[in-house]
Amino acid sequence: MTPDLPAILTRLHAALPTAAIAHLRNPSPSAQDSLLVAPESLVAVCQFLRNTADLDFDLLSNVTGVDWPEPAKADAVAVPPEGTTPPACGFLEVVYHLYSTSLRIGPLVLRTRTTDRAEQVHIPSVVAVYRSAEYQEREIFDLFGVRFTGHPDLRRILMWDEFLDHPMRKDYVAPDDYQYEPTPHDAVLEKTKKHYPARVEI
Amino acid sequence: MAIDPKLAEDLKSQGVHVTSFEGLINWGRASSLWPLQFGLACCAIEMIAATMAKYDMARFGAEVFRPSPRQADLMIVAGTVTKKMAPQVVRLYNQMAEPKYVIAMGACAISGGPFKDGYNVLKGIDRFIPVDVSIPGCPPRPEALLHGLITLREKIAKEKLLGSNRARHADPKGPGDLPVPEFGPHDLEPTFNPDVWNPPCLTRDASAS
């Protein structure tokens, strides 16, 4: 059963008057709305959702990241359709999916956003509330570069420790170790032209 | 001195086998390949199936999977080799005693397969260790692995122990330990071992573009 977001939002505002929480609409056919939570109130929100008896969100099933880069200059000229606002961008987003196993409610989608994509990439860790977040936050740190403050063991989990990049970011550039392919086309053909010059007819 | 094949056949019908030391040694090696027991991905499941009763790799003398590289002489690279795993695979290869052989099983071990353009997948284990037999497939069926094993047995049976074209393990000047790649800030360093593998140097057909 999907959670009643307006009711939960009202209760959150009542319980945590200082927390910045907003109802984020999802215009896609899935219409899976979410709650946009400011990073500084994330842990308090999670604690409230877990510890309130008639909400009882006891399971954090999934934590993932989204990269929202600034659009390139060439893309920025596109005018958004009438009546819509262009999506906000220029930050990293962390998405949490909460379930209540006792009340069979879920997923409640929480989102939180960093200030930018370079320096201000800190999000408080929710490991103290949901232990299942530990490895997933490590993975997001590894692949997106979000720093989770308060995480007990924030190391890379998939890539090696010496690795510097964050491969799931949109602007990640993979190492250029192209190898000849027999039928190159599109982007691969461009790489082929760069690495293997055309045969010169003598 | 070569033996007259007809004479050898006649003797064989009498129960006397005549062969060379080379043939005897190669027969022994080919008939008791002990694979190293390790799997990297889904190909390993097919490798396990090949050893079980239905496909029965024991028929070819290769059922004794050894948990130690010191006791193994066949490395079946069964699955996706990630860049994080590649140094460990090369290290295991170095720890195996000569003569040693490598089967690259499946598309990933050969070339990176469907993950070739991924940031963390090695584009073929032949970049770091010499591969004797490549088995295509995703994953290859157990029959394909058995075929690869038989192909390797045929290859071993033809090995020369003396002369200029002798096998690597019979050559005192053969390569010793292969360099183990290091974890770099963006990729493995080096990205391949030039003594073992080099990028294919093909000229592109100008009319194709």
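J.: Can you break down the sheet that holds strand β2 (residues 101-105) of chain B residue by residue, with the values?
T.: All names here are of chain B. Strand order in the open sheet formed by three strands is β1-β2-β3, with parallel pairing between adjacent strands. What marks the edges here is a single partner per strand, and that holds for β1 (74-78) and β3 (133-135). Neighbour-to-neighbour, the strand axes of the sheet open up by a mean angle of 15°, direction not taken into account. Pairing analysis gives three bridges linking β2 to β3, with the strands arranged parallel. Its bridge partner lying in β3, I103 is registered against V133.

J.: Pulling in residues and values, what's your account of the pairing of β1(B)?
T.: Residue and element names in this part refer to chain B. When you tally the buried positions in β1, you get five out of five residues, the bulk of the element. Every second residue of β1 is oriented toward a common face, with L74, I76 and A78 on one face and M75 and V77 on the other, all of them buried. Taken together, the five bridges between β1 and β2 define a ladder with parallel strand orientation. The residue of β2 that forms the bridge with V77 is A104. Read from β1 through helix α4 (residues 86-95) to β2, the crossover connection turns out right-handed.

J.: Break down empty space enclosed by the protein for me, with residues and values.
T.: Unoccupied space between atoms shows up once a probe the size of one water molecule is rolled over them. Counted according to the given criterion, the structure contains one cavity of 30 Å³ or more. Here the lining of the largest cavity is built from residues that sort into three nonpolar, one polar and five charged.

J.: Go over a nonpolar patch on the surface, please, and point to the residues and values.
T.: Residue and element names in this part refer to chain B. On the surface, a nonpolar cluster with roughly 290 Å² of combined accessible area is contributed by I3, L7, V16 and V18. For I3, the location among the structural elements is in the segment before α1 (5-13). The class of I3 is partly exposed, set by a relative accessible area of 36%.

J.: Can you lay out the confidence of the model for chain A for me, pointing to particular residues and giving the numbers?
T.: On average, residues of chain A carry a pLDDT of 86, and 89% of them reach 70 or more. The least confident element of chain A, judged by mean pLDDT, is helix α4 (residues 186-195) of chain A at 80; the most confident is helix α3 (residues 133-144) of chain A at 94.

J.: Requested: an account of the confidence of the model for chain B, with residues and values cited.
T.: Averaged over every residue, the pLDDT of chain B is 89; the share at 70 or more is 95%. Model confidence for the complex: the whole-complex pTM is 0.84, and ipTM, which rates the interface, is 0.78.

J.: Give me the lowdown on the state of the cysteines, citing residues and values where you can.
T.: Evaluation of the coordinates by the stated rule reveals zero disulfides over all chains. Cysteine C42(B) is unpaired, with the sulfur of C43(B) as its nearest cysteine sulfur at 5.4 Å.

J.: Could you give an account of the pattern of salt bridges, with specific residues and numbers?
T.: Residue and element names in this part refer to chain A. Going through the model one piece at a time under the given rule, you end up with 17 salt bridges over all chains. The closest approach of N and O atoms between E93 and R111, which form a salt bridge, is 3.0 Å. Taken together, the residues E93 in strand β4 (residues 91-100) and R111 in strand β5 (residues 105-113) connect sequence positions 18 residues apart. We classify E93 as buried; its relative accessible area is 1%. Several salt bridges converge on common partners, so that one network encompasses D67, R117 and D171.

J.: Could you give an account of the side chain of S100(A), with specific residues and numbers?
T.: Looking at the secondary structure, you find S100(A) in strand β4. S100(A) has contacts with L55(A), D56(A), F57(A), D58(A) and I105(A), leaving out every residue within four places of it along the chain.

J.: Would you mind going over helix α6 (residues 142-157) of chain B in detail, with residue names and values included?
T.: Within an α-helix, residues lying three or four positions from one another point in the same direction, as the helix has 3.6 residues per turn. All names here are of chain B. Helix length check: α6 (16 residues) gives 23 Å between terminal C-alpha atoms against 22 Å at 1.5 Å per residue, within 8%. Here α6 has its buried residues at P142, L145, L146, G148, L149, L152 and I156. One face of α6 carries all of its buried residues, which in axial projection span an arc of 160°. In this structure, the buried side of α6 is in contact with α2 (21-31), α3 (43-51), β1, β2 and β3.

J.: Hey, could you go over the sheet that holds β5(A) for me, with residue numbers and the actual values?
T.: Hydrogen bonds between backbone atoms are what pair the strands of a sheet, whose relative direction is either parallel or antiparallel. All names here are of chain A. The five strands lie next to each other as β1-β2-β5-β4-β3, forming an open sheet whose pairing is mixed. Bordering the open sheet on either side are β1 (21-24) and β3 (59-68), each of which pairs with just one other strand. The average undirected angle you get between the axes of adjacent strands in this sheet is 25°. Pairing between β1 and strand β2 (residues 34-37): four bridges, direction antiparallel. Its bridge partner being in β2, A22 is matched across the sheet by L36.

The rules we used
Residues numbered from 1 in each chain as written. Chains lettered and ligands numbered in written order. Predicted model: local features only at pLDDT ≥ 70, side-chain atom pairs only at ≥ 80, totals over all residues. Heavy atoms only, no water. Pairing = 2+ DSSP bridges. Helix = DSSP H or I, 4+ residues; strand = E, 2+ residues; numbered from the N terminus. Axes fitted to C-alpha atoms, helices over the stretch in contact; angles between N-to-C directions. Buried < 20%, exposed > 50% of the residue type's maximum accessible area, 1.4 Å probe, protein only. Right-handed = clockwise from strand over helix to strand, strands pointing away. 1 Å grid on protein atoms, 1.4 Å probe; cavity = no way out; pocket = protein on both sides within 12 Å on 5 of 7 lines; lining within 4 Å. Points joined across faces, edges and corners; volume = space filled by probe spheres on them. Nonpolar A, V, L, I, M, F, W, Y, C, P; charged D, E, K, R; others polar. Patch = residues over 30% accessible without salt bridge, like charges linked within 9 Å, V, L, I, M, F, W, Y side chains within 5 Å. Areas by Shrake-Rupley, 256 points an atom, 1.4 Å probe, with all protein chains shown as cover. Salt bridge = Lys/Arg side-chain N within 4 Å of Asp/Glu carboxyl O. pLDDT = per-residue confidence, 0-100. Disulfide = S-S within 2.5 Å. Contact = heavy atoms within 4.5 Å. Expected span 1.5 Å × (residues − 1). Arc of directions from axis to C-beta.

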